[in-house]
Amino acid sequence: METHQLITQLGKLKESAKEAIANANTPIDEDLKNYLHITRPVEQVLTAVITEAAGATGSALILVCGNVGDGKSHLLARLRGNEATAKDFSRFHIHNDATESYSPEETCNETLSRVLRPFSDTLLGTTDEKIILAINLGTLSNFLEERKEDFGRLKRFVERHRIIEADGLEEASDSDDGLFRYVNFTSYHFYSLRADGPQTYLIETLLNRIVDESPRNPIAKAYQWVCEQPWAALCPVKTNFELLRNENTRKVIASLLVACLIKEKQIISFRQLLNFVHDLLVPYPLNQPDVSKYLALIQQLSEEDRLQYLLPYYLFENPNLSKIFYNLHQLDPAVRRYEALDERAVMLFTDADPLEWLNTEFAPWLGRSMQLKPNERIRHELIIKSFLRLHYFKYSTLPIYHDDHFLDYTQALFAYNNNDAAGLRNMIELVKKAAYSWNGGTSEKNKAIVPGTVRNTSYRVFKQLGLRAVLPRREDKKDRPVVNEFNQEITLKFGIPPDHSFLITIDYSLYVLLQNVNAGYRPNKIDRHTYINFARFVEQVTFADIQGQTLYIDEVNFGFPLDYKFEFNEEYQEFTFSKLHRA
């Protein structure tokens, strides 16, 4: 059987491929995996931690934490096989929580208890044992909860450093910190933060590795094989591969993936990213490595089929392929509406030969000129979607595609992770204003509605809400131009005199809702349930110091100032209710 070499090589990127699994105790020797390896910031940090622990006297436990498939074992295997780090590694026993067991009858936690016995409360600091433990956060949490009686000091270390919560709010260290060390992969992402927004270098570099014409790249060699075949012009996989060779295409895909990470809070592992590239380049109906069967498939394709398998179209059209494709479907530019594009779409709908227009406007993106066979038809819906998606890929830098909310949020994220109080000002003011307006607003400044247990359509009760942000100290500000280790959410602390303090964590979706609230939107029941943390935050700050506070009563006559005031007179020790005079 003659195999389609490009499909075969791309198949090694799939999660189900044997090449996807690494063992931390075995050095990497697979050519493609070596070639695709990218030095990430987490690798440099892990190398430094291992080197420091290897040279330290006494025992040492290094927790290499993260999520499934994020490259922990792959990176450990690579460092173990690296001449520069092999000597340090020889001092450690490496244990993978998911791949090692002493006995089939033993549970994961029983195995971990045996491995980590030198770091139990009774033996901690009494041996010279050095261990690197690659462990998923869920497994770590379950183990520490079940074995907290034996590993209480390790549990306190994990809690103190917020390793599982990963919210950046670490407590002070203690003497055990010299024996325990950790690197948390969940704090390192496939992008970095800069003052002007996210930097997509890592994803772009990986995509470039896949298509680069390096003699070390077996995928590029397979592509050259396809180019030499007589049926090459008809091959949709070849066309998609060529589109990925375009630098602008790689930038657009990288930006979309980062948007998934931030907007949808999706966790994308290195393994999932490679699987996504395979699924994108090889449409699932054409995933046939047997050349004779593949030729039979592509010779039956209509022009409509070819458009649907084209990368810019296929990327947004298949939400059921994976969670990544589902979230990309939510970002589909074809669902947006812009006046100029709508006019062009109408012209396409009425054009006698819309394919000819696509051939002229997007020739480099189509692979070859598209021509209908006699009596062949193509749906106008497909033509319009193709136009909108191709337009996005070709002109992605146009102002109509700029997402101001996304840029503002990532800039605030950069400031937050740099402890930059000035850079957080807009975010802080946004939260304050939204807290005042969450239950309905008034023209009076810094006053919030006090919600009652009984709905009243005639009167509303307000109180002064003196929210003040607790800002990072100036001396704690970090002047990092690029931030590689960071949290994807912003946790702000607010105080209310005399001594009340409250935390609120803001992710991208909450940020967008708060922007809408400040623009006049009233949160509905679903919003209040979805963002219950903010609803509780507003409730807490509203009722925190209500005793002894002056209350303002307003008749429901929107657009007018407050009507009455209810307060406690300390001099005469009595309550007063008075009418406010309007200017």
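Residues numbered from 1 in each chain as written. Predicted model: local features only at pLDDT ≥ 70, side-chain atom pairs only at ≥ 80, totals over all residues. Heavy atoms only, no water.

**Student:** Hey, could you run me through the overall build of the protein in this one?
**Tutor:** The helix and strand tally for the protein stands at 26 helices and 15 strands. Counting all 583 residues of the protein, 49% fall into the buried class. In the protein, 72% of the contacts between residues at least 6 apart in sequence involve partners at least 24 apart. Entry remark: accessible area of the protein is about 29,200 Å², with carbon and sulfur atoms responsible for 49%. (Helix = DSSP H or I, 4+ residues; strand = E, 2+ residues; numbered from the N terminus. Buried < 20%, exposed > 50% of the residue type's maximum accessible area, 1.4 Å probe, protein only. Contact = heavy atoms within 4.5 Å. Areas by Shrake-Rupley, 256 points an atom, 1.4 Å probe, with all protein chains shown as cover.)

**Student:** Explain the sheet that holds strand β5 (residues 188–194) here, please?
**Tutor:** Sheet strands pair by backbone hydrogen bonding; their relative direction is either parallel or antiparallel. On the basis of which strands lie adjacent, the open sheet formed by three strands has the order β6-β5-β10 and antiparallel pairing. Across the chains shown, the open sheet's two edge strands, defined by having one partner strand only, are β6 (197–199) and β10 (483–485). Averaged over neighbouring strand pairs, the angle between their axes works out to 35° when direction is ignored. Here β5 runs beside β6; their pairing, made up of three bridges, is antiparallel. For S192, the partnering residue across the bridge sits in β6 and is Q199. The strands touched by helix α22 (residues 404–417) are β5, β6 and β10; relative to β5, the strand with the most contacts, the crossing angle is about 95°. (Pairing = 2+ DSSP bridges. Axes fitted to C-alpha atoms, helices over the stretch in contact; angles between N-to-C directions.)

**Student:** Can you walk me through helix α21 (residues 380–394) in this structure?
**Tutor:** An α-helical segment advances 3.6 residues per turn. Residues three or four places apart therefore align on the same side. Helix length check: α21 (15 residues) gives 21 Å between terminal C-alpha atoms against 21 Å at 1.5 Å per residue, within 8%. Among the 15 residues in α21, 11 count as buried, and that is most of the element. (Expected span 1.5 Å × (residues − 1).)

**Student:** Just to check I follow, could you spell out α22 for this structure?
**Tutor:** The terminal C-alpha atoms of α22 lie 20 Å apart, and with 14 residues this matches the ideal 20 Å at 1.5 Å per residue to within 8%. Taken together, the buried positions of α22 are occupied by F406, Y409, T410, A412, L413, F414, A415, Y416 and N417. The positive-phi residue at the C-terminal boundary of α22 is N419, with phi of around 55°.

**Student:** What is the right way to read the packing of helix α3 (residues 41–55) against helix α4 (residues 72–80) from this model?
**Tutor:** Each pair of packed helices can be described by the angle between their axes along with the distance between the axes. With their axes 11 Å apart at the nearest point, α3 and α4 run at an angle of 55° to one another. Between α3 and α4, the angle falls in the class oblique. Considering how the two elements wind past one another, α3 and α4 form a crossing that is right-handed. Residues V42, E43, L46, T47 and I50 of α3 lie in contact with α4, whose contacting residues are L75, L76 and L79. Counted by class, the contact of α3 with α4 contains six nonpolar, one polar and one charged residues. (Parallel < 35°, antiparallel > 145°, perpendicular 65-115°, else oblique. Left-handed = near helix turned anticlockwise from the far one by under 90°. Nonpolar A, V, L, I, M, F, W, Y, C, P; charged D, E, K, R; others polar.)

**Student:** For this particular structure, what's the right way to read the nonpolar core?
**Tutor:** One broad trend across soluble globular proteins is that nonpolar side chains are buried collectively. Among the nonpolar cores identified, the biggest contains 125 residues, and F276, L307, L492 and F534 are the most heavily contacted of them. Here the element with the most residues in this core is helix α12 (residues 247–263); it accounts for 10 residues. Not counting residues within four places of it along the chain, the set of residues in contact with F276 comprises I253, L257, L315, I324, F325 and L328. Of all hydrophobic cores here, the second largest spans 22 residues; its members include C65, I131, F143 and L144. (Core = buried A, V, L, I, M, F, W, Y, C linked by side-chain atoms within 4.5 Å.)

**Student:** Even after reading the chapter, I still don't get the sheet that holds strand β1 (residues 60–66), so can you show me in this structure?
**Tutor:** With parallel pairing, the four strands of this open sheet are ordered in space as β2-β3-β1-β4. Since the sheet does not close on itself, it has two edges, and those belong to β2 (93–96) and β4 (180–184), each with one partner. Neighbour-to-neighbour, the strand axes of this sheet turn through a mean angle of 15°, independent of strand direction. Pairing analysis gives five bridges linking β1 to β4, with the strands arranged parallel. Considered in β4, the bridge of L63 is made with Y182. Packing of helix α6 (residues 108–115) onto the sheet brings it into contact with β2 and β3 (130–136), and relative to β2 it is tilted by some 170°. Strand contacts of helix α7 (residues 137–146): β1, β3 and β4, with the helix running at about 110° to β3, the strand carrying the most contacts.

**Student:** Help me understand the pattern of salt bridges in this model?
**Tutor:** Opposite charge on two side chains lets them pair, provided their charged atoms get close. Scanning the model with the defined rule gives 22 salt bridges in all. Between D403 and K263 there is a salt bridge; the shortest N-O distance is 2.7 Å. Of this pair, D403 sits in the loop between α21 and α22 while K263 sits in helix α12, and the two are 140 residues apart along the sequence. A residue is classified by how much of its surface remains accessible, and K263, at 17% relative accessible area, is buried. Across the pair D420 and K477 runs a salt bridge whose closest N-O atoms are separated by 3.9 Å. (Salt bridge = Lys/Arg side-chain N within 4 Å of Asp/Glu carboxyl O.)

**Student:** What am I meant to see in the packing of aromatic side chains here?
**Tutor:** The description of an aromatic ring pair uses the distance of the two centres, along with the angle that the planes make with each other. Considering all chains together, one arrives at 22 aromatic pairs under this definition. Ring geometry for Y392 versus F393: centroids 6.2 Å apart, planes at 85°, classification edge-to-face. Ring centres 5.0 Å apart and planes at 65° place the aromatic pair W438 and F534 in the edge-to-face group. Of the two residues, W438 sits in the loop between α23 (425–437) and β7 (447–449) while F534 sits in helix α26 (residues 532–543), which places them 96 residues apart along the sequence. (Phe/Tyr/Trp six-rings, centres within 6.5 Å; stacked < 30°, edge-to-face > 60°.)

By themselves, these observations are geometric and do not establish any function.
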